[in-house]
Amino acid sequence: EVHPITGLGAVSAVAAAEGEGDGMYDPGPECADLPGWARNWTCAAWTENRQTITQVARDMIRDYEPDGLALDYLRYPNTAVLDTHPCHCEVCQEEREAWLGKPLPDAEDLARPGVMYHEVKMRNRFVKTLLHSLREVADDADLPLSLAARARYLKDAVPEGQDWAEWCQQGLLDFVCPMSYNPCFERFQRFVAEHRNLVEDTGVPLYSGIGRSSSLGTITAEQMEQQIRYALEHGADGVCIFHVGALEEADYEVLARISADYR
């Protein structure tokens, strides 16, 4: 099956077509060394961006008749940047006026739980608005909707506007693929347990992410098999391997063997 992806990061047509400018995440002028991927991030606060991404999803489904719709980068930029550089774009500044009384939080504000509560709630509201639109697109086409979810739920997902556990509880996703990529087996085990706990009572299938080759490192075919079997034996409904370009003959032999065992 083919499930094309769309989202708010570099995968979005808006970011790719327009680059910096209106509607993009703006870290502020004091962040000259910001990574390029962050400067090309589409801000969820803009109605125009949400409408464009929704239309891109409709066009993909109409033109290619895929088997599902997958969401990736459905969030604000990484907390590594966002924690100290909340978005300075025009719409985010206007929104803060209502609950902060000024357009931008300062360093003291960012250390206050109450301020960050409203900041995170604002991000989640914008991202979730887009999610609802994409849910409607998938429903109209009678297709499953899935998410490549941030692995560190409280550290990354929630503050970036991607409260995927809540989305599962509310039936907004048909299955979820947390990106639990990690060469460290113990860390991977903790991810599986945490993610299983988050979706356990939601009825949403969990496909644990296996990082064959990711930004966190590369694992061997044997390590991949160990992680797959652990996930399947400890509550995961399946696995999602990243990425297909890293797979070699030994990996396909592992997949065939596991597939036969669970058939």
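Notes on the structure follow. What you see is a predicted model; the values in this text were computed from it and never measured.

A count of helices and strands for the protein gives twelve helices and eight strands. For the protein, whose C-alpha radius of gyration is 19 Å, the value lies close to the compact-globule estimate of 18 Å for 263 residues. Here the C-alpha coordinates of the protein stretch approximately 60 × 40 × 35 Å along the principal axes. Residues classed as buried in the protein amount to 50% of the 263 residues present. Considering only contacts within the protein whose residues lie at least 6 apart along the sequence, 73% involve residues at least 24 apart.

Bringing the pairing of strand β3 (residues 145-149) into the picture now. The element β3 is extensively covered by neighbouring structure, given that five of its five residues are classed as buried. Residues Leu145, Leu147 and Ala149 line one face of β3 and the alternating positions Ser146 and Ala148 line the opposite face, and both faces are buried. In this structure, strand β2 (residues 69-71) lies alongside β3, joined through three bridges in parallel fashion. Bridged to Leu69 within β3 is Leu145. Looking at chain direction, β3 and strand β4 (residues 175-178) are connected through four bridges and run parallel. When the bridges of β4 are listed, Ala149 appears paired with Pro178.

The subject of this paragraph is the nonpolar core. The biggest cluster of nonpolar side chains holds 51 residues, and the ones touching the most others in it are Leu74, Tyr76, Trp164, Trp167 and Val176. The element that contributes the greatest number of residues to this core is helix α7 (residues 113-140), accounting for ten residues. Residues within four places of Val176 in sequence aside, it is in contact with Leu147, Ala149, Trp164, Cys168, Val199, Val204, Pro205, Leu206 and Tyr207. One finds Ile219, Met224, Ile228 and Tyr230 within the second-largest nonpolar core, a separate group that totals 14 residues.

Let's shift gears to the sheet that holds β3. Pairing is parallel in the open sheet, where four strands are placed in the order β1-β2-β3-β4. What marks the edges here is a single partner per strand, and that holds for β1 (5-6) and β4. α7 contacts β1, β2 and β3 of the sheet and is inclined by roughly 140° relative to β3.

A complete count under the given rule lists 24 salt bridges for this structure. The partner of Arg196 in a salt bridge is Asp237, and the shortest N-O contact between them spans 3.4 Å. Taken together, the residues span a long stretch of sequence, with Arg196 in helix α10 (residues 185-199) and Asp237 in the loop between α11 (221-233) and β8 (238-242) at a distance of 41 residues. Arg196 gets classed as buried once you look at its relative accessible area, which sits at 17%.

With that settled, the discussion passes to a negative patch on the surface. A grouping of Asp22, Glu48, Glu90, Glu94 and Glu97 is seen on the molecular surface, where their side chains present a negatively charged patch. Broken down by element, the residue count for the negative patch peaks at three residues, all from helix α5 (residues 90-100). Looking at where Glu94 falls in the secondary structure, it is placed in helix α5.

Following Phe242, the chain continues into His243 via a peptide bond in cis, with omega recorded as -5°. For His243, the position within the fold is in the loop between β8 and α12 (249-261). Notably, Glu65 is not glycine yet its phi reads approximately 50°, a positive angle. On the basis of relative accessible area, Glu65 is assigned to the exposed category, the value being 66%. At Tyr73, a position not held by glycine, the phi torsion is positive, near 55°. Inspection of the secondary structure assignment puts Tyr73 in the loop between β2 and α4 (79-82).

Reading the values: the criteria
- Residues numbered from 1 in each chain as written.
- Predicted model: local features only at pLDDT ≥ 70, side-chain atom pairs only at ≥ 80, totals over all residues.
- Heavy atoms only, no water.
- Helix = DSSP H or I, 4+ residues; strand = E, 2+ residues; numbered from the N terminus.
- Rg over C-alpha atoms; globule rule 2.2 N^0.38 Å.
- Buried < 20%, exposed > 50% of the residue type's maximum accessible area, 1.4 Å probe, protein only.
- Contact = heavy atoms within 4.5 Å.
- Pairing = 2+ DSSP bridges.
- Core = buried A, V, L, I, M, F, W, Y, C linked by side-chain atoms within 4.5 Å.
- Axes fitted to C-alpha atoms, helices over the stretch in contact; angles between N-to-C directions.
- Salt bridge = Lys/Arg side-chain N within 4 Å of Asp/Glu carboxyl O.
- Patch = residues over 30% accessible without salt bridge, like charges linked within 9 Å, V, L, I, M, F, W, Y side chains within 5 Å.
- Areas by Shrake-Rupley, 256 points an atom, 1.4 Å probe, with all protein chains shown as cover.
- Lys, Arg positive; Asp, Glu negative; His and termini not counted.
- Charge placed at Lys NZ, Arg CZ, Asp CG, Glu CD.

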